[in-house]
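Listed below are the residues making up each chain.
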Amino acid sequence: MDLYKAMTERRSIHEFKSTLIEENELREIFQTASWAPNHRMKQPWKVKMFQKDGAVDLAQLIIDSYKRSGFTDGYSEEKAEKMMEGIKKFLLKIPHHALIYMEKDQDLHRYEEDYAAVCAFIQNVQLAAWGKNIGVLWTSSPYISDEKFIEEVGLNEKKHKVVAVLQMGIPERIPGAKPRDEVPVIFCRESFIKRS
């Protein structure tokens, strides 16, 4: 697929078919995405994939996190339970959940470099998947910062940073394009430093 076409025609997908994607095809997408730029070739991205029964467990952990965060505060018990059931039902319709994480570097500058590299990796995942007619939704819901959630998915909150959860699958529906604002680019053609 033409790169410019992929960048402009890719869409965030919110509705997926129940079809499971072959694991080798998913591995190929992540491997292709690893050509993202990264400092000192650290390749800081790590992927934990939840599908089938693993996706059922992940959905429950997400619901538990929402409840802990006070997401349902102010609602009646019946209304809150109905909301959580709706969210869980939605999550279970998604065939693949790729939790993208990295190890935390204690040096702030290196931490930020790694985080930026992982975000570049995620965009590469989206483009590589789109080239195979696979849709992705890049999510960064509050539960990815919930210490208990992080521990329950098998990571160490002190050691790991969850960057995103990518919802992946064959698109049921592809939404239309949303226009982009013009990017403000400032060209500095003349010297702007005052010299004595």
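None of the values given here were measured: they were computed from a predicted structure. (Residues numbered from 1 in each chain as written. Predicted model: local features only at pLDDT ≥ 70, side-chain atom pairs only at ≥ 80, totals over all residues. Heavy atoms only, no water.)

## A few points about the environment of Trp45
Within the secondary structure layout, Trp45 lies in the loop between helix H2 (23–33) and strand E1 (46–51). The residues contacting Trp45, other than those within four sequence positions of it, are Ser34, Ala36, Asn38, Tyr101, Ala117, Val118 and Phe121. (Helix = DSSP H or I, 4+ residues; strand = E, 2+ residues; numbered from the N terminus. Contact = heavy atoms within 4.5 Å.)

## Topic: the packing of H2 against helix H5 (residues 108–130)
Between H2 and H5, the shortest axis-to-axis distance is 8 Å and the interhelical angle comes to 130 degrees. The orientation of H2 with respect to H5, classified from their angle, is oblique. Crossing of H2 over H5 shows right-handed handedness. On the side of H2, the interface is formed by Ile29, Phe30, Thr32 and Ala33, while H5 contributes Phe121, Asn124, Val125, Ala128 and Ala129. A breakdown of the residues in the contact of H2 with H5 according to their chemical character gives seven nonpolar, two polar and no charged. (Axes fitted to C-alpha atoms, helices over the stretch in contact; angles between N-to-C directions. Parallel < 35°, antiparallel > 145°, perpendicular 65-115°, else oblique. Left-handed = near helix turned anticlockwise from the far one by under 90°. Nonpolar A, V, L, I, M, F, W, Y, C, P; charged D, E, K, R; others polar.)

## Some details on the sheet that holds strand E4 (residues 160–169)
With antiparallel pairing, four strands are arranged side by side in an open sheet as E1-E2-E4-E3. Both edges of this open sheet fall to E1 and strand E3 (135–139), since each of them pairs with a single strand only. Pairwise comparison of adjacent strand axes, ignoring direction, gives a mean angle of 25 degrees for this sheet. Bridge count for E1 against strand E2 (residues 96–103) is six bridges, and the pairing is antiparallel. By the bridge assignment for E2, Met49 is matched with Ala98. Against the sheet, H2 engages E1, E2 and E4, with an angle of about 155 degrees to E1. Together, E1, E2, E3 and E4 form the strand contacts of H5, whose direction differs from that of E4 by roughly 5 degrees. (Pairing = 2+ DSSP bridges.)

## Examining the environment of Ser145
With respect to the helices and strands, Ser145 occurs in the loop between E3 and helix H6 (147–152). For Ser145, a relative accessible area of 51% corresponds to the exposed category. Residues Ser145 and Leu58, spaced 87 residues apart in sequence, show a C-alpha to C-alpha distance of 15 Å. Residues within four places of Ser145 in sequence aside, it is in contact with Ile150 and Lys161. (Buried < 20%, exposed > 50% of the residue type's maximum accessible area, 1.4 Å probe, protein only.)

## Concerning unusual backbone geometry
The phi dihedral of Arg40 is positive, around 55 degrees, even though this residue is not glycine. Locating Arg40 in the fold gives a position in the loop between H2 and E1. Among the residues examined, Arg40 registers a relative accessible area of 44% and is labelled partly exposed. Here the phi dihedral of Asn133 falls at roughly 60 degrees; this positive angle occurs in a residue that is not glycine. With respect to the secondary-structure elements, Asn133 resides in the loop between H5 and E3. A relative accessible area of 59% means that Asn133 is categorised as exposed.

## Describing the pattern of salt bridges
Applying the stated criterion across every chain, the model contains nine salt bridges. We note a salt bridge from Arg40 to Glu113, for which the minimum N-O separation is 2.9 Å. Of this pair, Arg40 sits in the loop between H2 and E1 while Glu113 sits in helix H5, and the two are 73 residues apart along the sequence. For Glu113, a relative accessible area of 12% gives the class buried. A network of salt bridges, in which partner residues are shared, links Glu25, Glu28 and Lys132. (Salt bridge = Lys/Arg side-chain N within 4 Å of Asp/Glu carboxyl O.)

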